[in-house]
Every structure is written in structure tokens, then in C-alpha cells.
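This is what each chain is made of:
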Amino acid sequence: MTNPADEVLDVVDAQDRVIGTAPRGEVYRRRLTHRCVFILVRDAEGRIFTHRRAAGKLYAPGTYDCFVGGVVGAGETYAEAAVREAEEEMGVSGIVPVRLFKFLFEEDGLSWWCDTYEARWDGPVSPQVEEVDWHGWLTEEELTQRLTEWQFVPDGLQAYRHYLTHRAGGRVG
């Protein structure tokens, strides 16, 4: 596996238009706006794939997340990144994410556009050890409880709140 800090990303403006490219390490260090994808994955019983991020992650290591996903590579579409990230992170093939909404995440001088998807996966998973330290399938009730007990990654937590608003028919963004 190559060094994630060396991955080249598109740098975007406030309207999500590409204005350049830079290595991920530089994008994070200089706090440049870039693109990410989030995929909420449910199993046949409607449970949500939830995981603890690996300790070696560049952003929010060791925190929990109810989305799989990650950065969009330079020249890659959001839809391409959603499939790639879900398949890589979960160790699966053939997942079909459905786009839900997009929002701009901003916190502590960091910002990235987040294209959010939902997918169903009924087969086995084999999460990438470089990405995931623990995983499980939680009911919405279990996830709601864990949101008060575990430390969740800030962008994923915001995405989940937007997801609940979107599902209830509200406007996101």
C-alpha cells in the first residue's frame, strides 16, 4: 500500500469546482478544500455497518464511523470514488451505492465536499486492516445509543445527522 499522504487530490473552491491538485498530506497541512464520499451500508436486516477507524489514519484515527468512504482522487468522480472506497474498505466487490445528497463539511479550518450515498450489502465483509480496527452491524437503535457513548469521527457524525434530516424529507446543506 502506498503512503496515503502521497495520494493526489483535486483541490476545489466553495462551489466545488476544481482549481488545482495537491498530495493529500499537503491538502491536509494547508487546509485546502477537497472532495470526499460517504456510503451508509445496510445489511438485509437494515443494520448499519459501523466501524472503528484504524489508529494509523491521517484524520480522526481511532474514532468510530457509520459510513465507509474517503477522499476522491484527482480526476475521479464522486460515484467512482463511492464504489472504490466502499469495496476497498469493506473488502467486497459489486456494491452499488445510490446517491442521496451533498454537503460542505467545515470544522476547525478544515473543509471538504461530502457526496453521500446509501448501499445494501448482504454478503460477507473483510474490512481492510489498514482502514478498520473493528466492525459490526448495528441497528439504528444501537447506533443511536453508541453515538452517546463512543467518539465518532466529526464528518461522519455530521453526515449521519444530515442523513436523518434527508430521510425525514428535510433539506440538507
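The following refers to the structure shown. Only a predicted model underlies this, so the values are computations on that prediction, with no experimental measurement involved. (Residues numbered from 1 in each chain as written. Predicted model: local features only at pLDDT ≥ 70, side-chain atom pairs only at ≥ 80, totals over all residues. Heavy atoms only, no water.)

**Side note on helix 2 (residues 78–90)**
Heads up, the condition is: Going along the chain from the N terminus, every DSSP run of H or I of four or more residues is numbered as a helix, and every run of E of two or more is numbered as a strand. Multiplying one less than the number of residues by 1.5 Å gives the expected span of a helix. Only protein chains enter the accessibility calculation, which uses a 1.4 Å probe; a residue is then buried when its area is under 20% of its type maximum, exposed when over 50%, and partly exposed in between. Only heavy atoms matter for contacts: two residues are in contact if any of them lie within 4.5 Å across the pair.
Its 13 residues place the ends of helix 2 18 Å apart at the C-alpha level, agreeing with the 18 Å of an ideal helix rising 1.5 Å per residue. Among the residues of helix 2, those classed as buried are Tyr-78, Ala-81, Ala-82, Glu-85, Ala-86, Glu-87, Glu-89 and Met-90. Structurally, helix 2 contributes buried residues whose contacts are with strand 3 (34–42), strand 4 (48–53), strand 6 (68–71), strand 7 (98–107), strand 8 (110–120) and strand 9 (132–138). Two residues or fewer after helix 2 comes Gly-91, characterised by a positive phi angle close to 70 degrees.

**Some points on helix 4 (residues 154–167)**
Rules: Note that the arc is computed from the directions linking the helix axis to the C-beta atoms.
Along its 14 residues, helix 4 runs 20 Å from first to last C-alpha, staying within 8% of the 20 Å computed at 1.5 Å per residue. Every buried residue of helix 4 is accounted for by Asp-155, Gly-156, Ala-159, Tyr-160, His-162 and Tyr-163. All buried residues of helix 4 project into a common sector of 165 degrees when viewed along the axis, lining one side. Residues of helix 4 that are buried in the fold lie against strand 3, strand 4, strand 5 (64–65), strand 7, strand 8 and helix 3 (140–149). Just downstream of helix 4, Gly-169 is the residue with a positive phi angle, here 95 degrees.

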